[in-house]
Amino acid sequence: MTRLDVTAEPAAVESAAECDGPRTVLMEARQVPLGGLRAMDVRRSLPQRDLPLIGAWCFLDRFGPQETVMRVDPHPHIGLQTVTWPFVGEVRHRDTLDNDVLISRGQLNLMTAGNGIAHSEYSTGDGPIPLDALQLWVALPESRRHGVPAFEQHTALPTVDFAGGGTATVVLGEFAGVASPASAYTPIVGAELNLPAGEAVLLPLRPEWEHGVVGVFGDVTVAGTRVAPDQLLYLGIHRDGVLVEAETDATIFLLGGEPFEDDIVMWWNFVGRTHEEVVEAREAWEARDARFGDVPGHDTRIPAPEMPHVRLARRRRRI
Ligand code: MN
């Protein structure tokens, strides 16, 4: 189709598969308040206005580094997995499956919401502690999103060593032929890369997947573009590798996967396909329906916000 209009706004494409080719698009995180009465600020790198998904990854928050009290009371999720990956500090996770666990550096907390789960996240102790972590969401495919909720904790994740001293930890999915033991439902990669100052490494990528990297610590150049902490560099699809050069000791997080099967509707803590599904999930939470249940040990829960006065639309990419 020929576009006769020339505007700054590129046309939405029909699906990720039509977003065809390598990209180097640098995106900034934005500051967002999180949680109920005692909100803390997080920096959100995904979704972006023009980029709702990278593979099945649909959300990326970083909280920290900061010294704070984290009190995120029980709240529901549907249609997604939460991937919690701490750098500093200890967080207590409780959920409606009666899990009550602590999570710290090197451990993956993976919660698969399926048709519905609720959880709380508290920092340990009563006072402020140093905290820093990523929390990502993975959209579940049609084949899994209506299923039962589940929770996993992984303390021994596989690593890949690079020749120059760097290391990749495979958190979810598969990287360089090495697979994480964590449950994944679409072809995907989530990996933490640690590089010493001066190392340059050509990361192997699957050309049929799209990828991005987010800066965590230090100064790196990826595909010729400087990526500072919390910046997200979208790399597009059809690359079989990408050059990463560390100017200082550096940590980045690689995310990618097969372009997701569908456009998604994302609102509050819900990932679905239609406005009606989200309304139904919201009403079930507000009615304290057994779909979500109760998180043991809590008197309070986070109430759902009011629905907007417009119908929720599926999110489409524009790059
Ligand atoms: Mn949550």
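Since we're looking at a predicted model, the values are computed, not measured.

## Points about the pairing of strand β22 (residues 241-246)
Now for step 1: Two elements, strand β17 (residues 200-204) and β22, share 5 bridges in a ladder whose sense is antiparallel. Each bridged residue has a counterpart across the sheet, and for Val201 the counterpart in β22 is Val244.
Now for step 2: Looking at chain direction, strand β19 (residues 220-222) and β22 are connected through 3 bridges and run antiparallel. Across the sheet, the residue bridging to Thr221 is Glu245, located in β22.

## A few points about the environment of Arg239
Now for step 1: Of note, Arg239 is situated in the loop between β21 (232-237) and β22.
Now for step 2: Among the residues examined, Arg239 registers a relative accessible area of 16% and is labelled buried.
Now for step 3: A sequence separation of 61 residues divides Arg239 from Val178, and the C-alpha atoms of the two residues are 19 Å apart.
Now for step 4: When residues no more than four places from it in sequence are discounted, the contact partners of Arg239 are Pro22, Arg23, Thr24, Leu205, Arg206, Pro207 and Ala223.
Now for step 5: Within the structure, the side chain of Arg239 is placed 2.8 Å from the backbone oxygen of Arg23, a separation counted as a polar contact.

## As for the sheet that holds strand β7 (residues 91-95)
Pairing between the strands of a sheet is mediated by backbone hydrogen bonds and can be parallel or antiparallel.
Now for step 1: In space, the 4 strands of this open sheet follow the order β5-β10-β7-β8, with antiparallel pairing throughout. The strands lining the two open edges of the sheet, one partner per strand, are β5 (71-77) and β8 (100-103). Each strand of the sheet is rotated relative to its neighbour by a mean of 20°, with strand direction disregarded.

## A short note on the side chain of His211
Now for step 1: Structurally, His211 can be placed in strand β18 (residues 210-217).
Now for step 2: Those residues in contact with His211, other than ones at most four positions away along the chain, are Ile54, Val189, Leu205, Arg206, Tyr234, Leu235, Gly236, Leu254, Leu255 and Gly256.

Each value, and the rule that gives it
- Residues numbered from 1 in each chain as written.
- Predicted model: local features only at pLDDT ≥ 70, side-chain atom pairs only at ≥ 80, totals over all residues.
- Heavy atoms only, no water.
- Pairing = 2+ DSSP bridges.
- Helix = DSSP H or I, 4+ residues; strand = E, 2+ residues; numbered from the N terminus.
- Buried < 20%, exposed > 50% of the residue type's maximum accessible area, 1.4 Å probe, protein only.
- Contact = heavy atoms within 4.5 Å.
- Polar contact = N/O pair within 3.5 Å; in protein donor to acceptor, adjacent residues only side chain to side chain.
- Axes fitted to C-alpha atoms, helices over the stretch in contact; angles between N-to-C directions.

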